[in-house]
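# Observations on the model geometry
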There are 2 protein chains.
Amino acid sequence: MTDRREFHDLASPEAAHEAIASLDLGGGTETVPLREARGRVLAERIDAELDVPGFDRASMDGYAIRARDTFGADEADPARLELVGTVHAGSEPDVTVEEGTAAEISTGAVMPPGADAVVMVERTDRVERSSTERANGEAVSGTDEGAVLVRTSLAPGDHVMLAGADVAAGERTLGTGTELTPREIGLLSALGIDEVPVRAKPRVGIVSTGDELVRPGGDLDSAAGQIYDVNSYTTATAVEEAGGEAVLYPHAGDDYDEMERLLTEAAAECDLVLSSGSTSASAVDVIYRVIEERGELLLHGVAVKPGKPMLVGRLDGGDSPSAYVGLPGYPVSALTIFRAFVAPAIREAAGRPEPRTATVEGKMAVEERYSEGRRRLMPVGLVDDGTGDTLVYPVDKGSGATTSLVEADGIVEVPAETEYLAAGEAVSVQLFSPDVRVPSLYAVGEDDPALSRLLDDLDRPRYLSVGTREGLRRLRNGVPDAAVAAGDPEIAADHEELGGWTREWGLVVPDGNPADVTGVADLADRDLRLVNRGSNSGLRAALDDAVAALADERESSRRELTDAIDGYELTVKAHESPARKVAAGDADAGLGLRHTAEKLGLGFVSLGEQDVRVLANPERTEKAGVQDLRAAVANVESVLGELAGYSPQD
Amino acid sequence: MTDRREFHDLASPEAAHEAIASLDLGGGTETVPLREARGRVLAERIDAELDVPGFDRASMDGYAIRARDTFGADEADPARLELVGTVHAGSEPDVTVEEGTAAEISTGAVMPPGADAVVMVERTDRVERSSTERANGEAVSGTDEGAVLVRTSLAPGDHVMLAGADVAAGERTLGTGTELTPREIGLLSALGIDEVPVRAKPRVGIVSTGDELVRPGGDLDSAAGQIYDVNSYTTATAVEEAGGEAVLYPHAGDDYDEMERLLTEAAAECDLVLSSGSTSASAVDVIYRVIEERGELLLHGVAVKPGKPMLVGRLDGGDSPSAYVGLPGYPVSALTIFRAFVAPAIREAAGRPEPRTATVEGKMAVEERYSEGRRRLMPVGLVDDGTGDTLVYPVDKGSGATTSLVEADGIVEVPAETEYLAAGEAVSVQLFSPDVRVPSLYAVGEDDPALSRLLDDLDRPRYLSVGTREGLRRLRNGVPDAAVAAGDPEIAADHEELGGWTREWGLVVPDGNPADVTGVADLADRDLRLVNRGSNSGLRAALDDAVAALADERESSRRELTDAIDGYELTVKAHESPARKVAAGDADAGLGLRHTAEKLGLGFVSLGEQDVRVLANPERTEKAGVQDLRAAVANVESVLGELAGYSPQD
C-alpha cells in the first residue's frame, strides 16, 4: 500500500474561499453574435451609435400636412388640402408637401419634406375630385389624387416621432454587467448591433482519476471492478450551469507520468482545472505530487465536512498558470464542494450574479445533532409541508451512494460551533442547481411495480424505496408525505390510509422450476441457494413469517431454520434483484413477486398474498401532491391488469 | 390607403388561451447525448438496467478477509492472517482468500473470491516475515508478502458494498418529466447511460413583416424610412428561453405572394409560426388573408390591451398544419402577448414547468385608474423599497418606444372589471424573463456624462434620462430611489442630497465657430438655426433663463425672442443630440455641454455653469443601491478629470 498522505493542517473554509479567490479564473471579454447572446453578460457599456428612429416618422396612419394649414379647422369648418401623393413605410418620400396640400402616410413612414404634422385618418374625410371639377379644370393646386378635409386643428409635431426621440445617438443604453434577456436583445436590435462584447466563459478542464472509471456508454467490465464515471459529466454540467465552458479530458489512471501529462495539458488549455478525487488513495497522492512539482499547492484539506480531501493550487501549463481545485470522489461530496466553493468563483469570473433560485429558505423537519466541531456542509432534501413552508431533512450521511444524488436537493452550511439544530429551526439551503425544485410529493417505503406505475402519472414525485419498515419509521418522524407498506406491519405512525392493492409473493425459481421447489421447507431441508431481501422489505417480513410458521409446525426455532437456509442473510436491494440473481444462475430461488417471475420468464412458487397500502401523513392530506397520489391510488385498477398476481384490495 | 380590417368581435383572453391550447405545438420525443442533456426534460421513465456497483466492492482501504477467521480477535489477541496478494481498484482479483489468509485491498476494488469482509487498515498491523522465518522456511501457509495482524472481530459483509446496493437493476430511478440538472446527469452516468429520451423542443418559426425592416448588422437607409427589426431577435430569444427552438425566416414585405410563400414554408418546417405585426396596417391585412386562405383563422383580436391585433390560427404547410400566432408590432406589446399567451404554450409543449422566478409578488407604488373595461396587460417596472418589498409602477403606456423594453420588467394582468389599483395594493408580476432582476438602483433625471460614468461602477442600476423636471416629478411621487437635477429647479420633492458637480453649458457650434456666434442674442438677431433640448432638460431651463434675461435687458418679451430664434422649438432627446445635429451640418448651433463639443471636435460658446445634484428619496437612503450611489457621487472627482468643463461642486 502506498503511504497515505494525511492532512493534519486543515485550512479554514474562509481560507479555502480566499485561496480560490486568489486564483485567476480567466473571464476576459469576447464578442458574440447578438442572436446567441442570451444569458451572457455585457462586458462593456453600450451607448447608442445612432438615432432611433433614424428619421422623423409618422406615428399614425393618416395624412402628412403643414400644421399652419389646419389652424382654426374643426368638424364644422374643415380645412381642405389637395392630395399630392402617398408615402409608404420603408420607402423614401417622392412628394413634397407644399402649402395647402397633404400626402397620405402610413404609420412608420418617413415624413415628406414640407410636412410637420400628421392628422389621423379618423379626423378626415376623403374628397374625390368630382367629374365636374375635373372637366372644368378646377382646383388649381390639386392633382388627380383628390383632396382631404381635415376636421381638426394641428400643432407642428403632432403624431410625428422625431428622429432620435426613442433612443438618441450618444445615449447610454445598457451598462456593463447587464445580463442579456430578450428585452435587452430587443434594444440592441433596435440599435442595429449584431455583435456584443460579453464576459468570456472561463474554460474549465475536468480530469477524473482512477483506473476503474469508464465513461458512460462505454463497456463495463464489472469483474475487473470497473464502474461508470459519475463525476465528470456531473461536474461538467454544473460548470456550464455556473457560466463556465467545460472541457472533458480522458481518464487518468494512477500513473504519475500520465497524470502529469493530462493535468499540464488541461492547465495549458483551461483557466481552471478540476480533478475529482479517485476513491483510490494512491491516485490522490499522485495528483498531490503533480501539483506540488508542476505548480503550487495553496492548501490541502479544508476543515469542512466533506471537504477534507479538497486541494487548491496552481498548475503550470500555458503562458500563465491555471487554477486548480481537487474535488472529493463521492458524487454528493463532489457536488457539495463544487456548489460551496467552485461555482461562486466561476460565476464571479463569468460576471454572472447568483441565480435568484440558487437558495431557498426552509425549516428543519427534524432535529439534528453534531459532535465533530468542524463546519459541515450537510446534504439535505426538501419537502413542502403543504402550508407554504419548506421542510429540510438531512440525507446521505457520508454513504457515498449515487442514489443520494437525487435525494439531496442542496446543502445547509452548519457552523463548527453548532451542536444542535432544532426541528423547526430556520435554515438556508444552497440548492445543487438553480433548477432544482421541491418535489410535489415525497413518499417512502416498499418497492412495488404497481406503485411505480402510479408514480408515472404524478408530476415530479420523489419516491425512495427504503422498504416498508424504514418507510414507516420515517412516516412516524413526520417528514415524508406518505409511506407505502407491504404485508401486515405494526403501524405506530399516525396516518390516513389512501387505499391499496394486493400482490402475490413467493419464490422466483428458474423457468420450469427444475429443482422442483415447493416451498420454504425445501429451502431449509435441501441444498438450495436462496437470495433474500433486506429486513426493511415487506416481502422479507412475509418470508420471515412463513419461516416462523414452519418453525412452529416443526416445534423448532426460527433461528435454526434460517441458519439451515443457504443465503437467508444474502440480501439484495430491489424487488427484482433476487429474481435477477436467479435468472443469472447465481441462485436456485429468490424472494419475489409473481409479476417479476413472469416479466423475466422465470418460474414461480406462490407463498401467499400481501396487501400493499398507501398511508398519508395526516398533516399533509390537503397538499396537492398527496391529493394527486390519492386520486392515482383510487384509480389503481387501471394498472393492475398488466401486473400478474395483482388484484384490487378487498 | 388599403381598407383597414376592423376587429369588432374581440375574443375573450380565456378563448385566446383555449385557441392556442387547441393547437398542436409539436413536442414529441428525441434522444440527446447525456453530455448535452442539461435543462432537458425526460420523456420516459428511466429504470436501472444494471446494478451499481456491478460487483461486491471494498468500501475501505484495508484487507479482504474471511470474517470467521477473525472471530474473537481484539487488540490484545489479534488474528494473524498470511498475505496472499493485493487487489487494486479497477483490476480483476488474481488471488483467492483461503482460510487464514488475507489480501490487501483498495477502496472500490473487487472483493476477491473467498473473502466476505474487509478490515480497515487502521485496525491492523503489518508483519514482515523475518529473515529467520524466511531462512527456516517457517509459516507454511504464508508467502513472501508477509502477514497482517487483525485487531478486531468482523462479521460477514463488514466494509463490503454488495453489487446493486446503491442502485439495483430493475429499479425505478427517474420519472417522466424530470428536469435534468447536474445531479440527475450524475445518476444517469452511474447507470452508464449516454443518451437520454427527452421532450423535443417545439420548432418555432419567426416571420417578421414590413418592407421597412432591416436585420441588425445590415445597412440602414434612414432616408427611405428603414428601421432595424426588433421583434425577430427578441421573440427568437424569448422562444429559446421558453424551451423552444427558434427558426428565423427572412423578412416578408407586404406583398401577398411573398408572404404566402414565407408563411407556408415556415409552416412546413415548424410546429408553430409567429409573425410579429408590422406597424403597417396593410401588412396585417395581407397576413390575415394568407391565414384565411392557406389555413384556418381561429380568432382575430383579443379583448385585452395590448392584444387587440393578435391572431390565432392554423397554417397548412407540411404533413400536418402548423400552429400560428400573430403578435402585435410594438416591441413591448409583442413581448407582452408572447409572455402571457405563447410562452406558456411553448413550455407546455416542451414539458417544462414555469420557472420559479417567472413571477414576483409586489405592491403598487402608485395608484392606477382604468376606464376601458377591457382586460389589461400592464407593463410595469420594479423597484426594491429597501425594506424587502418590491414596488411596482406602470411604464410605457402604449408609446411603442423601444427604450421601454428595458424599463419594463414584466406585466401585471388587470381584470376588465378593475377600475382602480390603489397604491400599496398587492399585485403579481409576470416577468418578461425568469432572468429579469429587480434593479439594484432606480434613478431618473438629467442626462449627464459624468453621471453616466458613475453609473458604470454600480451593480445593475436602472437610470432613465427623463430630464430634470420629469425626474423631480417622479421623485415627488416617491417611486424612484433618486433623481438627478441640473440647474436650479424648484424642488418640491422631499429629498436628501447625495452631492453633485458643476458643468459648463452653452452653444455647440461647428469647429472654429465659422458663423462667429457669440451668444443668445445672435440666435435671435441673426439667421442661425438652433437645435434645442426638451423642456424637461436642465440645459433647456438654463437656456430659457438666458433668453428671459435677454428679454429683460431688451425690455422685450421672452416669447418674442423665442419666436425669433429659428429652431427654439426643435427639441431633441439626449444631451449629445443637438451637437450631433451641428456636426451633421443640420444646424448652426446646438444647446449642449463643453465636454460634448470637445468630444465631437466642435466649437463651443460658453453661456455659464450649472450644478448637477443627485437627490435621494429620503425613504430609501439605507438601501444598498442608494448607499453605493452615495459613495460613487462622493468619489465623482475621479471621473471629472476626463470631462472638459466639469468641476467639483463648490
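Residues numbered from 1 in each chain as written. Chains lettered and ligands numbered in written order. Predicted model: local features only at pLDDT ≥ 70, side-chain atom pairs only at ≥ 80, totals over all residues. Heavy atoms only, no water.

### Some thoughts on the overall build of chain A
To be explicit about the condition: Only runs of H or I of at least four residues qualify as helices and only runs of E of at least two qualify as strands under DSSP, and these elements are numbered from the N terminus. Computation of the radius of gyration draws on C-alpha atoms, with the globule rule given as 2.2 Å multiplied by the number of residues to the power 0.38. Between buried and exposed lies partly exposed: a residue is buried under 20% and exposed over 50% of the maximum accessible area for its type, with that area taken using a 1.4 Å probe on protein chains only. Note on definitions: a residue-residue contact is assigned when non-hydrogen atoms from the two residues lie within 4.5 Å. Residue-level accessible areas treat just the shown protein chains as cover; the underlying method is Shrake-Rupley with a 1.4 Å probe. For the charge count, each Lys or Arg is scored as positive and each Asp or Glu as negative, with His and the chain ends excluded. A charge is said to be at NZ when it belongs to Lys, at CZ for Arg, at CG for Asp and at CD for Glu.
Looking only at helices and strands, chain A features 17 helices and 37 strands. The globule rule puts the C-alpha radius of gyration for 650 residues at 26 Å, and the 37 Å found for chain A is more than 25% above it. Overall, the C-alpha framework of chain A stretches about 130 × 70 × 50 Å when taken along its three principal axes. The buried share among the 650 residues of chain A stands at 57%. Taking all contacts inside chain A whose residues are at least 6 apart in sequence as the whole, residues at least 24 apart take part in 73%. Working note: accessible area of chain A is about 25,200 Å², and carbon and sulfur atoms make up 42% of it. Seen as two clouds, the 62 positive and the 118 negative side-chain charges of chain A have centres 3 Å apart.

### A short note on the interface of chain A and chain B
What counts here: Using a 1.4 Å probe, buried area is obtained as the accessible area two parts lose upon being combined, added over both of them. Basic side-chain nitrogens of Lys or Arg form a salt bridge, by our definition, when they fall within 4 Å of a carboxyl oxygen of Asp or Glu. Whenever two N or O atoms come within 3.5 Å, that pair is a polar contact, provided that in protein one can donate a hydrogen and the other can accept it, and provided that, for residues adjacent in sequence, both atoms are side-chain atoms. Asp, Glu, Lys and Arg are counted as charged, while Ala, Val, Leu, Ile, Met, Phe, Trp, Tyr, Cys and Pro are counted as nonpolar; the rest, among them Gly, fall into the polar class.
Taken residue by residue, the interface counts 112 residues in chain A and 113 residues in chain B. Overall, the association of chain A and chain B removes approximately 9,500 Å² of surface from exposure, summing both partners, and the carbon and sulfur fraction of that is 55%. For the pair chain A and chain B, the interface holds twelve salt bridges. The interface formed by chain A and chain B contains 36 residue pairs in polar contact (both at pLDDT 80 or more). The greatest single-element share of the side of chain A that touches chain B, amounting to eight residues, is contributed by helix α3 (residues 182–190) of chain A. Counted by class, the side of chain A that touches chain B contains 48 nonpolar, 29 polar and 35 charged residues.

### Quick notes on the pattern of salt bridges
The tally for this structure, following the rule as stated, stands at 88 salt bridges over all chains. Here E367(A) makes a salt bridge to R369(A), at a shortest N to O gap of 3.3 Å. On the basis of relative accessibility, which here comes to 39%, the residue E367(A) falls in the partly exposed class. When its relative accessible area of 57% is taken as the criterion, R369(A) is described as exposed. Here D409(A) and R183(B) are joined by a salt bridge, their closest N and O atoms 2.8 Å apart. On the criterion of chain membership, the pair formed by D409(A) in the loop between α8 (404–407) and β26 (410–414) and R183(B) in helix α3 (residues 182–190) is interchain, its members lying in two chains. Comparing D409(A) with R183(B) shows no difference in burial state: the two are buried. A cluster of three or more residues bridged by salt bridges with shared partners is formed by R45(A), D47(A), R172(A) and D456(B).

### Looking at the sheet that holds strand β4 (residues 62–65) of chain B
Residue and element names in this part refer to chain B. What counts is decided by this rule: Any two strands with at least two DSSP-identified bridges between them are counted as paired. The axes used here are C-alpha line fits, helices contributing only the stretch in contact, and every angle between their N-to-C directions lies in the interval 0 to 180 degrees.
Spatial ordering of the open sheet is given by β7-β4-β6-β5-β9-β8, a layout of six strands whose pairing is mixed. The open sheet has two free edges, formed respectively by β7 (117–120) and β8 (124–127), since each of these has just one partner strand. Sheet twist, expressed as the average angle between the axes of neighbouring strands with direction ignored, equals 40°. As defined by bridge partners, β8 adjoins strand β9 (residues 147–150) across four bridges and the pair is classed as antiparallel.

### Notes on the relation of the copies chain A and chain B
Spelled out, the test is: Alignment of copies: least-squares fit on C-alpha atoms of residues with pLDDT of at least 70 in both copies.
Overlaying chain A on chain B yields an RMSD of 0.1 Å, the required transformation being a rotation through 180° with an accompanying axial translation of 0.1 Å. The operation mapping one copy onto its partner corresponds to a two-fold rotation axis. When C-alpha distances to the rotation axis are compared across chain A, the minimum falls at T357(A), with a value of 3.5 Å. With an isologous cut-off of 70% or more, the 100% of interface residues of chain A that recur at the interface of chain B puts this contact in the isologous class.

### Considerations on the environment of L213(A)
Residues and elements named next belong to chain A. One can find L213 in strand β14 (residues 213–214). For the pair L213 and H251, spaced 38 residues apart in sequence, the C-alpha to C-alpha distance is 7.2 Å. If sequence neighbours within four positions are ignored, L213 has contacts with S208, I227, Y228, D229 and H251.

### A short note on the packing of aromatic side chains
All names here are of chain A. Quick reminder of the rule: When the centres of two rings from Phe, Tyr and Trp lie within 6.5 Å, Trp using its six-membered ring, the rings pair. Their planes under 30 degrees apart give stacked, over 60 give edge-to-face, and anything left gives tilted.
Tallied over the entire structure, the rule returns two aromatic pairs over all chains. Between Y393 and Y442, the ring centres sit 4.7 Å apart and the planes meet at 5°, which makes this aromatic pair stacked. Placement of the pair is Y393 in strand β25 (residues 390–394) and Y442 in strand β29 (residues 441–445), with a sequence separation of 49 residues. Looking at Y393, the relative accessible area reads 4%, which means it is buried.

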